[in-house]
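Fold and contact review
Okay, here's what each chain looks like letter by letter:
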Amino acid sequence: MTSSSSVDELPSAAAETPTSQIPSDITSAPVDPIPASDDVEAVGEKRKREDENTTNNLESSDPNPTPSPWFKTSLCSYFRRQGSCSHGATCKYAHGEKELRQKPDNTWDPTSERGKKAKMSENAVKEEEEEEVGDVMFTEEMMDENDGEGGGGEGVVHDLSLSKCLVHLPTKWQSDDLKTFLREQGVEYKFAKKRRGMMVGFLTFENAEQLKNGVEILEGKNVNNKSLKIADVLPRTFDKNGAKNPAAKLKSAREAVTPLADLSYADQLEQKKASIAQMLKKLTRNARKACPNGKSLPEWVLQSREIGGLSCKLEGIIESPLVNGYRNKCEFSTGYSVEGKLTVGFMLGNFSAGVTAVEEAVNCPNISKLACRYASIFQSFLEKSRLPVWNRFKSCGFWRQLTVREGSKPGVVSNDEDADSRIAEVLLMVQVCTKDTDEAEVATEFEELAKAFAEGAKASSPPLPLTVLVVQDHVGISNVAPPDCPLRLLPIPVSDNGTHQDQSTNVLTEARIHDHINNLRFSISPTAFFQVNTCAAEKLYSLAGDWADLGPDTLLFDVCCGTGTIGLTLAHRVGMVIGIEMNASAVSDAERNAKINGISNCKFICSKAEDVMSSLLTEYLDVSETEEAKPPSDDDLDKQNSSAEEISNSEDVQKTEQKNSSEPERSTKPQFKNVVAIVDPPRPGLHPDVIKALRTHPRLKTLVYISCNPETLVANAIELCTPSFEKTGQENKGYRRQSRMGTAALARHRAKKMPASEPFKPVKAMAVDLFPHTDHCEMVMLLNR
Ligand SMILES: C[S@@+](CC[C@H](N)C(=O)[O-])C[C@H]1O[C@@H](n2cnc3c(N)ncnc32)[C@H](O)[C@@H]1O
């Protein structure tokens, strides 16, 4: 089975309190039946734990026990509600604010006036901290001749000691807005530039005096309720006088990409488990808030008090079998380091906050040595290339990004020291922007590029596998390209004693590599999603299968199925799998994967889940609940596969839906007794229409939610698990989403619109660490009803 540690091991303040310090009268203290707020809930929990810890004290024969440091540190809820308490003066809880004492950890009961005040100022500090901007590390050329007052003629050479960044500008401003603002403030300058979407603008002054005046006027100026800050632009020629380069103080790629790398793996797991536990508490709090007035709280919310406020038991955290070098996909940016060196590596921060510095992936423990080696081969190639690297600020340039994707051998679980030995195939995808370039020049560069990779791979020790080289041509502002972005396969020259022949190593007509999960072979095309940690993903899918209630009479919906990994690995345990995925290449991979693994009971639908979920449920589940359903015969499945096109796009499914609603005739689809959905959506979570379809279909009883973003799992679970309102939609009249509304608040609003339906309840949850050394963690939750 999986190796997991229990959440019960989480350290808690109460557990650390020595029992001897707690007075004996605690055990007879009243406990709130229903907490009035989230914080009261926390107090209630603490009381309960204290109660448990003090049993022995009751038996103490000491007539004058030492007063506990916790005595009168919480308000008495009975006294607050009723104005009196049967324990009178002996009550261990404070009767009113006056009696209240500070807790041993110097905090106040969060429900007290002082507690609330402290919380408010804590929030204010937090907000302030969030506003705090890190270093601006702008390493790209950002001005051009049109950026000056009056524009034109000045050229692009700037004295960077006369340049400054303006931080906290409204993101929607563009250069013209900034220039108008500067004029209004009477600030003189030489160049000014601002890109929409960034909170940073750039200013260059004519001379030291202009700079001094400008800084005096602008520093701390209030713009749209934010205080402007002036920061240095990190000069590319910083070290020209031989001075110690301050880059040494700046964030490294290791810190940016693997912020937990300096913790032991055991501590990382504890930290992640604790953060998932917080998410489960958040779900409870929000479900309580979202519960309609007059309806009793769901049983699981009431029972949450027994398990420290968690919405269900957190079973633990599953470790990643490989902790180092586990990533099978790395996206390396091109750009300039803080020292101005052309670099292929990771960006040190967020472009919108003014960080474009790129550093080599040195000491990032999640990256394989192979991927680093390919990044460095590409970097050496770019140093000699005639074409420029991409400039994010000006949105121009040619070379943008290198993606290294690795495919592993079947059944090989290498250890951390030897993680690269698992790699059998490598796909390299270089993203470029060919806009305004000369075709012949580009062709020559691609030839040189292929040669550089082939030679570099061969010269490495041991030689690196190189299976596919592909170029992605993308013009967009950010490097995130749409899945249908044009791809071009480049032949990889065969090197034979230094002579390069004009022939590819492979007669590939398709760009794809292979990986293995649970002894199944997966064919993966360049833009299809595949979990980045293959051996941990294997554990994740097994867990999902173990938790879902599977059997031969089960119909399994694999929602957001990618290349079909979940459905295909569980296909032998169910009657039929229906996978839904919007990326067309991933869907054709899934179909191919079913074929190459000899699996015939899976069907994949290329569509957005929100467009087809409801229709599919209707189509496959139209027998009444009492009717005996039978698993499909081979015949049924054959019919099923032959009618694949029938519902292979959303338009057709809509047609089917219309047909269903007008004619109540029985579907010819095979019917199943048990229906399970395993959903594995991207970071933003499930679309509201998918949630509604899953929630309102009465036959769907079991749902396993896998999430790479526990925040959105919580938001979706609020909608899935909150009791319905009597009159749906009424409460939302005039409601418009506030831009700063959190995901949970939005989910509570949406929950009010949910048509009357039985809510799910959270049954259990597990953290699965797919991303050692980073803050990220997968969360799995079983929901049923
Ligand atoms: C986190 S991945 C999971 C993929 C797959 N379950 C796996 O583990 O390999 C999410 C997948 O959802 C797909 N996706 C994103 N939005 C979608 C939508 N609205 N409808 C269907 N699929 C979607 C993405 O293309 C991606 O393949």
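All of these numbers come straight from a predicted model, not from anything done at the bench.

**Some words on the site of the ligand**
Taken together, 18 residues sit near the ligand, with Y541, E581, A609, E610 and D680 positioned nearest. Contact between the ligand and E581: an oxygen atom at 2.6 Å from a side-chain N or O atom of the residue. Relative to its unbound accessible area of 600 Å², the ligand is 89% covered by the protein chains. Secondary-structure elements contributing two or more residues to the shell around the ligand are α14 (565–570) and α16 (609–620). Of the residues belonging to the shell around the ligand, the class tally is 9 nonpolar, 5 polar and 4 charged.

**Quick word on the packing of helix α9 (residues 265–290) against helix α20 (residues 710–721)**
Across the interface, α9 lies against α20 with an axial gap of 9 Å and an inter-helix angle of 25 degrees. Classified by the angle between their axes, α9 and α20 sit roughly parallel to one another. Between α9 and α20 the crossing geometry is right-handed. Within the contact between the two elements, α9 uses I276, M279, K282, L283, N286 and A290 and α20 uses P710, E711, V714, A717 and I718.

**Some words on the confidence of the model for the protein**
Across the protein, pLDDT averages 80, with 75% of residues at or above 70. Throughout residues 125–132 the model reports pLDDT below 50, and contacts reaching past four residues in sequence, or to other chains, amount to 3 contacts. Within the model, pLDDT remains below 50 along residues 498–507, and this stretch shows 20 contacts once partners closer than five positions in the same chain are excluded.

**Points about the nonpolar core**
F557, V559, M613 and L694 are the most contacted members of the largest nonpolar core, which has 61 residues in total. The dominant element in this core, judged by the number of residues it contributes, is α9, at 9 residues. If we ignore the near neighbours within four places in the chain, the residues touching V559 are I580, A609, M613, I678, V679, D680, L686 and V690.

**A word on the UniProt feature "binding site: S-adenosyl-L-methionine" (unreviewed entry) in the protein**
The feature "binding site: S-adenosyl-L-methionine" (unreviewed entry), as annotated in UniProt, sits at Q531, E581 and D680 in this numbering. Note that E581 resides in strand β21 (residues 576–581). There is a polar contact of 2.7 Å between the side chain of E581 and the backbone nitrogen of G562. Along the chain, D680 turns up in the loop between β23 (674–679) and α19 (688–696).

**Describing the sheet that holds strand β2 (residues 163–167)**
On the basis of which strands lie adjacent, the open sheet formed by 4 strands has the order β3-β4-β2-β7 and antiparallel pairing. Of all strands in the sheet, those bounded by a partner on one side alone are β3 (191–194) and β7 (229–232). In this sheet, adjacent strand axes meet at a mean angle of 25 degrees when their direction is disregarded. With 5 bridges joining them, β2 and strand β4 (residues 200–204) adopt antiparallel strand pairing.

**Focus: the UniProt feature "zinc finger region: C3H1-type" (unreviewed entry) in the protein**
The feature "zinc finger region: C3H1-type" (unreviewed entry), as given by UniProt, occupies residues 70–98 in the numbering adopted here. Helix makes up 21% of residues 70–98 and strand 0%, whereas the separation of the span's terminal C-alpha atoms amounts to 16 Å.

**Description of unusual backbone geometry**
Put simply, S461 and P462 share a cis peptide bond, and its omega is -5 degrees. Here P462 shows up in the loop between α12 (439–459) and β14 (468–473). Although it is not a glycine, K72 sits at a positive phi angle of roughly 60 degrees. Take K72: it is sitting in the loop between α3 (55–58) and α4 (77–82). Taking the relative accessible area as the measure of exposure, K72 reaches 8% and is therefore buried. Although it is not a glycine, N224 sits at a positive phi angle of roughly 50 degrees. Exposure remark for N224: the relative accessible area of 57% places this residue in the exposed category.

**Notes on helix α21 (residues 743–751)**
Every buried residue of α21 is listed here: A744, A745, L746, A747 and A751. Buried-residue contacts for α21 involve α9 and α20.

**Digging into the sheet that holds strand β15 (residues 487–489)**
Taken together, the 7 strands give an open sheet; going across it, the order is β11-β10-β9-β12-β13-β14-β15, and neighbouring strands pair in mixed fashion. For this open sheet the edge positions go to β11 (358–359) and β15, each flanked by a neighbour on one side alone. Pairing of strand β12 (residues 399–408) with strand β13 (residues 423–432) involves 9 bridges; the strand directions are antiparallel. Paired with S408 across the bridge in β13 is I423. Of the strands in this sheet, β9 (329–336), β10 (342–347), β12 and β13 touch helix α11 (residues 369–384), which is tilted by about 155 degrees from β12.

**Thoughts on the pattern of salt bridges**
One pass over the full model with this rule turns up 16 salt bridges. For E270, the salt bridge is made with K273, and the minimal N-O distance between the two is 3.2 Å. Here E270 pairs with K273, and both are found in helix α9, just 3 residues apart, close to one helical turn. Using a relative accessible area of 24% as the deciding quantity, one classes E270 as partly exposed. Put simply, E445 and R386 hold a salt bridge, and the shortest N to O gap is 3.4 Å. Linking E445 in helix α12 with R386 in the loop between α11 and β12, this pair joins segments that are 59 residues apart in sequence. Members of the salt-bridge network, linked through shared partners, are E510, R512, D589 and R592.

**As for the packing of aromatic side chains**
For the structure shown, the criterion picks out 12 aromatic pairs. When the ring of F332 is compared with that of F346, the centres are 5.2 Å apart and the planes differ by 25 degrees; the resulting orientation is stacked. Placement of F332 in strand β9 and of F346 in strand β10 is noted, with a sequence separation of 14 residues between them. Each member of the aromatic cluster is reached from another via a ring pair, and the members are Y374, F378, F381, F398, W399, F446 and F453. R81 extends its terminal NZ or CZ atom over the ring of Y78, reaching a point 5.5 Å from the ring centre.

**Quick notes on α20**
Relative to the 16 Å expected for 12 residues at 1.5 Å per residue, α20 spans 16 Å between its end C-alpha atoms, a close match to the ideal helical length. Extensive coverage of α20 is indicated by the burial of 11 of its 12 residues.

**Thoughts on the pairing of β2**
The buried fraction of β2 is high, at 5 of 5 residues. Side chains S163, C165 and V167 project from β2 onto one buried face, and the interleaved K164 and L166 project onto a second face that is buried too. Bridging between β2 and β7 involves 4 bridges; their strand directions are antiparallel. Residue L166 lies in a different strand from β7, and its bridge partner there is I230.

Criteria and cut-off values
- Residue positions within a chain follow its written sequence, with the count starting from 1.
- Only residues with pLDDT of 70 or above have their local features reported here, since the model is predicted, and side-chain atom pairs are shown and tallied only from 80 upward, although totals for entire chains, interfaces and linings are computed over all residues.
- The basis for the side-chain values is all heavy atoms of the structure; hydrogens and waters are excluded.
- A molecule or strand has a residue near it when one of that residue's heavy atoms lies within 4 Å.
- Think of a polar contact as two N or O atoms within 3.5 Å of one another; within protein, one of them needs to be a possible hydrogen donor and the other a possible acceptor, and neighboring residues in sequence only count if both atoms come from side chains.
- Areas reported as accessible are Shrake-Rupley estimates using a 1.4 Å probe. Residue values count occlusion only from the protein chains shown.
- Elements are defined by DSSP. Helices are runs of H or I of four residues or more, strands are runs of E of two residues or more, and each kind is numbered from the N terminus.
- Under the scheme applied here, ten amino acids are nonpolar (Ala, Val, Leu, Ile, Met, Phe, Trp, Tyr, Cys and Pro), four are charged (Asp, Glu, Lys and Arg), and all others, including Gly, are polar.
- The axes are straight lines fitted to the C-alpha atoms, using for helices just the contacting stretch, and the angles between their N-to-C directions are given from 0 to 180°.
- Put simply, angles under 35 degrees are roughly parallel, angles over 145 are roughly antiparallel, angles from 65 to 115 are roughly perpendicular, and the rest are oblique.
- Crossings are classed by handedness, with left-handed meaning an anticlockwise turn of the near helix from the far one by less than a right angle and right-handed meaning a clockwise turn.
- What makes two residues a contact is simply this: any of their non-hydrogen atoms within 4.5 Å.
- What pLDDT reports is the predictor's confidence in each residue, on a scale of 0 through 100.
- Among the buried residues, those of types Ala, Val, Leu, Ile, Met, Phe, Trp, Tyr and Cys that are joined through side-chain atoms within 4.5 Å form a nonpolar core.
- Each residue is placed in one exposure class: buried if its accessible area under a 1.4 Å probe, protein chains only, is under 20% of its type's maximum, exposed if it is over 50%, and partly exposed if it falls in between.
- UniProt positions are given in the numbering used here, feature names are shortened, and annotations may be inferred rather than shown by experiment.
- Note: two strands are recorded as paired if DSSP finds a minimum of 2 bridges between them.
- We define a salt bridge as a contact between a side-chain nitrogen of Lys or Arg and a carboxyl oxygen of Asp or Glu at a distance within 4 Å.
- Each aromatic pair joins two rings of Phe, Tyr and Trp (for Trp, the six-membered one) with centres within 6.5 Å, and gets the label stacked for planes under 30 degrees apart, edge-to-face for over 60, and tilted for any other angle.
- Two limits define a charge over a ring: the Lys NZ or Arg CZ must be within 6 Å of the ring centre, and within 35 degrees of the ring normal.
- To estimate the expected span of a helix, subtract one from its residue number and multiply by 1.5 Å.

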